[in-house]
Amino acid sequence: MTGGQESFGARVARFRIANAWWIQIACYAASILLLLVVWQALGNSFGVLFVPFTTTMKQLWIMLDGGPLLPALWVSGKLYLVTLAINIVVGVGVGLAIARLKLIEAAFEPYIYILYATPTISLVPFVSVLFGFEFWPRVLVAVLISIFPILLGTAEGARSIPRQHLDVAAIFGSSEAQLWRDVILPYVTPYAMTGIKQSIALTMVGALVAEFFLNPDGIAALLLEGTTIVDTAWVLAVTVFIAALAVFLVGVGELIERYLVRWRRTAVG
């Protein structure tokens, strides 16, 4: 750069920094548009086996406008919300316990990893035989599928607290309650929130799996009905609705994370 003139590369870099948000939005929009164009083209080429995007959206509107989708969502939503609440409370609590209490870690951590490595589908017959097919057995299956990101993420966060943080708190005479409030919980929160964001989507998967294998109801019943009558538009409409809802819920989790750990954004500038 000479004579006060800015090079082309520098101008491009400055433009990208100044418009980073809009560039990101444009990239997202372009990728979604490309996906929809490909979907529309393929849908016109496979007959009844695959339908265009426009046909899927028409079917989705029919199912939402006085159709069966919203009542089914209410049924599945109760299972989803109860499961997610249990995941957060139990996952964070047990994660902190196995990281901070050696006896709890020695007693229960091996079983946690055994359950984590076990395909949950293989446990469904045992759950149905022992507990039946009603609401709470379905919650149990959904929890076993979706709790581990929160539990393991929280435990990893608690274990990674730098020793000097704890030493400084001890030097200033912090009580156990103050240590948890001022050091442990703030440090663990980003790890826990990362697990919660993953669990938000996994909980939806867990709820659907539980409904499929234990007395199909709600959204799972709609998917089974569409598959039984070989209605591709029906199945795709329900699938698109579930995917859009999952993206929305993960976005809500992202906003909550930004609020809870806004101090980290300030710290890194």
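Preceding this paragraph is the structure being described.
These figures come from a predicted structure and were not determined experimentally.

**A closer look at the overall build of the chain**
For the chain, the count of helices and strands is 13 helices and zero strands. Secondary structure elements of the chain occur, N-terminal to C-terminal, as α-α-α-α-α-α-α-α-α-α-α-α-α. In terms of overall size, the chain is more extended than a compact globule, its C-alpha atoms giving a radius of gyration of 24 Å where 269 residues would be expected to give roughly 18 Å. In terms of overall dimensions, the chain has a C-alpha envelope of 80 × 70 × 30 Å along the principal axes. Of all 269 residues assigned to the chain, the portion counted as buried reaches 35%.

**What about the pattern of salt bridges?**
Per the counting criterion, the structure on display carries six salt bridges. For Glu254, the salt bridge is made with Lys197, and the minimal N-O distance between the two is 2.8 Å. Residue Glu254 is located in helix H12 (residues 232-260), and its partner Lys197 is located in helix H10 (residues 176-213); the two are separated by 57 residues in the primary sequence. For Glu254, a relative accessible area of 27% translates into the label partly exposed. With a shortest N-O distance of 2.8 Å, Lys197 and Glu257 are connected by a salt bridge.

**Some points on the side chain of Arg138**
Take Arg138: it is sitting in helix H7 (residues 135-146). Asp217 provides the closest opposite charge to the buried, unpaired Arg138, separated from it by 4.3 Å. A polar side-chain atom of Arg138 sits 3.3 Å from the main-chain carbonyl oxygen of Glu134. The contacts of Arg138, once residues within four sequence positions are left out, are Leu79, Phe133, Ala210, Glu211, Leu214, Asn215 and Asp217.

**Thoughts on H12**
Here H12 is 29 residues long and its end C-alpha atoms lie 42 Å apart, about the 42 Å a rise of 1.5 Å per residue gives. Among the residues making up H12, those that are buried are Thr232, Ala233, Trp234, Leu236, Ala237, Val238, Phe241, Ile242, Ala246, Gly253 and Glu257. Between the side-chain oxygen at the start of H12 and the backbone nitrogen of Ala233 there is a gap of 3.3 Å, and the oxygen is on Asp231.

**Details of the packing of aromatic side chains**
In this structure the tally under the stated criterion is five aromatic pairs. Between the aromatic rings of Phe135 and Trp136, the centroid separation amounts to 5.2 Å while the plane-to-plane angle is 85°, which identifies the pairing as edge-to-face. A connected cluster of aromatic rings, assembled from ring pairs, spans Trp39, Phe50 and Phe53.

**Thoughts on the packing of helix H4 (residues 69-100) against H12**
A pair of packed helices can be characterised by two numbers: the angle between their axes and the separation between those axes. H12 packs onto H4 with a crossing angle of 45° between their chain directions and a minimal axis gap of 13 Å. Considered as vectors, H4 and H12 are oriented oblique to each other. By crossing handedness, the relation of H4 to H12 is classed as right-handed. Between H4, through Leu69, Leu73 and Tyr80, and H12, the contact on the second element is made entirely by Val238, Phe241, Leu245 and Leu249. Its residues assigned to classes, the contact of H4 with H12 shows seven nonpolar, no polar and no charged.

**A short note on helix H8 (residues 148-159)**
Owing to its 3.6 residues per turn, the α-helix aligns residues three or four sequence positions apart on the same side. Taking 1.5 Å per residue, 12 residues should reach 16 Å; H8 reaches 16 Å between its end C-alpha atoms and fits that length. Across the 12 residues of H8, 10 count as buried, placing the element largely inside the fold. Looking at H8, one finds that the buried residues are Phe148, Pro149, Ile150, Leu151, Leu152, Gly153, Thr154, Ala155, Gly157 and Ala158. Along its buried surface, H8 packs onto H4, helix H5 (102-117), H7 and H10.

**Quick word on the environment of Ala233**
Within the element layout of this structure, Ala233 appears in helix H12. Along the backbone, Ala233 and Phe108 are 125 residues apart, and their C-alpha atoms lie at a distance of 46 Å. The contacts of Ala233, once residues within four sequence positions are left out, are Val51, Thr55, Thr56 and Gln59.

Cut-offs applied
- Each residue is numbered by its place in its chain's sequence as written, counting from 1.
- A pLDDT threshold of at least 70 governs which residues receive local features in this predicted model, and a stricter bar of 80 or more applies before side-chain atom pairs are shown or counted, although totals over entire chains, interfaces and linings include all residues.
- Side-chain measures were taken over the full set of non-hydrogen atoms in the model, leaving aside hydrogen atoms and water.
- Here a helix means four or more residues in a row that DSSP labels H or I, a strand means two or more in a row labelled E, and each is numbered from the N terminus.
- The globule rule used for comparison is 2.2 Å times the number of residues to the exponent 0.38, while the radius of gyration itself is calculated over C-alpha atoms.
- Exposure classes here rest on a 1.4 Å probe applied to the protein chains alone. A residue is buried below 20% of its type maximum, exposed above 50%, and partly exposed in between.
- Salt bridge, as used here: a side-chain nitrogen of Lys or Arg that lies within 4 Å of a carboxyl oxygen of Asp or Glu.
- For the charge count, each Lys or Arg is scored as positive and each Asp or Glu as negative, with His and the chain ends excluded.
- Counted as a polar contact is a pair of N or O atoms within 3.5 Å, where, for protein atoms, one must be capable of donating a hydrogen and the other of accepting one, and residues adjacent in sequence contribute only when both atoms are in side chains.
- In this description, contact between two residues means that some pair of their heavy atoms is separated by no more than 4.5 Å.
- By this rule the span expected of a helix is its residue count minus one, scaled by 1.5 Å.
- Note on aromatic contacts: the rings of Phe and Tyr and the six-membered ring of Trp form a pair at centre separations within 6.5 Å, being stacked when their planes are under 30 degrees apart, edge-to-face when over 60 apart, and tilted otherwise.
- For helices, the fitted axis covers only the stretch in contact; all axes are lines through C-alpha atoms, and the angles between them, taken along N-to-C directions, range from 0 to 180 degrees.
- To sort the angles, those under 35 degrees are grouped as roughly parallel, those over 145 as roughly antiparallel, those from 65 to 115 as roughly perpendicular, and the leftovers as oblique.
- Two helices that cross are described as forming a left-handed crossing if the nearer one is turned anticlockwise from the farther one by less than a right angle, and a right-handed crossing if clockwise.
- In this count, Pro and Cys sit with the nonpolar residues alongside Ala, Val, Leu, Ile, Met, Phe, Trp and Tyr, while Asp, Glu, Lys and Arg are called charged and the others, Gly among them, polar.

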